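# An overview of the molecular structure
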Amino acid sequence: MSVKLERMPTNLATADSFTGKKVIDREGIEYGKVKHIHINQDTLVVSGVTIHQGFHKDYFLSDDYIDKFSKKTLLLSRPPVRTGIHVIDIDSHKLGKVKRLHKNLDTNELESIEVSDGLMHSKIISKSEIWGIGEKVILRMTKEDFKKLE
């Protein structure tokens, strides 16, 4: 038997109604589907979401990436940097893939990325060197500049 809830605000939704929704940014790039909603236990406010991108590719996005939930999608305010995506230079030359994200432990803010440019080689790139993020990460440097990095 179901019970009608009285005086329940119309703009409320249950957290499980968001799971499975597509995650897209302002350019229409799809990043996967919502797997989990994370709620701060002290404030009861959404602190982030886990995004499922495919076979064993889950990642966390903090609440500052979330613009709003619509009926079918989670709209992002900005595109996220994710592991496994291609990195290119300012002239669209392939440099490698994002191997690891380095974040500040206190703020969860991205500080740098580790770019794998081969089987055994990788380079650390500061956040300030990232020009753009979308389906690929675009750096502010040329391929020659990237090769000179240690």
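Each remark here, short or long, concerns the structure printed above.
Right, let's walk through the structure included here. (Residues numbered from 1 in each chain as written. Predicted model: local features only at pLDDT ≥ 70, side-chain atom pairs only at ≥ 80, totals over all residues. Heavy atoms only, no water.)

### Topic: the overall build of the protein chain
A count of helices and strands for the protein chain gives one helix and 12 strands. Mapped in sequence order, the helices and strands of the protein chain form the string β-β-β-β-β-β-β-β-β-β-β-β-α. In terms of C-alpha radius of gyration, the protein chain reaches 19 Å, well past the compact-globule figure of 15 Å for 150 residues. C-alpha extents for the protein chain along the principal axes are approximately 70 × 30 × 25 Å. The 150 residues of the protein chain split such that 31% are buried. Taking all contacts inside the protein chain whose residues are at least 6 apart in sequence as the whole, residues at least 24 apart take part in 31%. Total accessible area computed for the protein chain in this model is approximately 10,600 Å², and 52% of it derives from carbon and sulfur atoms. The distance from the centre of the 25 positive side-chain charges to the centre of the 22 negative ones in the protein chain is 7 Å. (Helix = DSSP H or I, 4+ residues; strand = E, 2+ residues; numbered from the N terminus. Rg over C-alpha atoms; globule rule 2.2 N^0.38 Å. Buried < 20%, exposed > 50% of the residue type's maximum accessible area, 1.4 Å probe, protein only. Contact = heavy atoms within 4.5 Å. Areas by Shrake-Rupley, 256 points an atom, 1.4 Å probe, with all protein chains shown as cover. Lys, Arg positive; Asp, Glu negative; His and termini not counted. Charge placed at Lys NZ, Arg CZ, Asp CG, Glu CD.)

### Digging into the pattern of salt bridges
Evaluated as defined, the whole model comprises six salt bridges. For Arg100, the salt bridge goes to Glu114, with nearest N and O atoms at 2.9 Å. Of the two residues, Arg100 sits in strand E8 (residues 94-103) while Glu114 sits in strand E9 (residues 110-116), which places them 14 residues apart along the sequence. Measuring nitrogen to oxygen at the nearest pair gives 3.9 Å for the salt bridge that ties Lys123 to Asp117. One continuous salt-bridge network, built from bridges that share partners, spans Lys99, Arg100 and Glu114. (Salt bridge = Lys/Arg side-chain N within 4 Å of Asp/Glu carboxyl O.)

### Examining the sheet that holds strand E2 (residues 30-39)
Pairing is mixed in the open sheet, where six strands are placed in the order E4-E3-E2-E1-E6-E5. The open sheet has two free edges, formed respectively by strand E4 (58-62) and strand E5 (66-69), since each of these has just one partner strand. Ignoring strand direction, the axes of neighbouring strands in this sheet form an average angle of 35 degrees. Pairing geometry for E5 and strand E6 (residues 73-76), over three bridges, is antiparallel. Among the inter-strand pairings, Phe69 is bridged to a residue of E6, identified as Leu74. (Pairing = 2+ DSSP bridges. Axes fitted to C-alpha atoms, helices over the stretch in contact; angles between N-to-C directions.)

### Let's talk about the sheet that holds E8
Taken together, the six strands give an open sheet; going across it, the order is E10-E9-E8-E7-E12-E11, and neighbouring strands pair in mixed fashion. Each of the sheet's edge strands pairs with one partner strand only, and the pair in question is strand E10 (122-126) and strand E11 (130-133). Averaged over neighbouring strand pairs, the angle between their axes works out to 35 degrees when direction is ignored. Judged from the six bridges that link them, E8 and E9 form a sheet pairing that is antiparallel.

### Side note on the side chain of Asp25
Mapped onto the fold, Asp25 is located in the loop between strand E1 (22-24) and E2. One buried charged residue, Asp25, remains without a salt bridge, the closest side chain of opposite sign being Arg82 at 7.2 Å. Polar contacts involving the side chain of Asp25 include one to the main-chain amide nitrogen of Ile29, which spans 3.0 Å. (Polar contact = N/O pair within 3.5 Å; in protein donor to acceptor, adjacent residues only side chain to side chain.)

Functional significance is not addressed by these values, which are geometric in nature.
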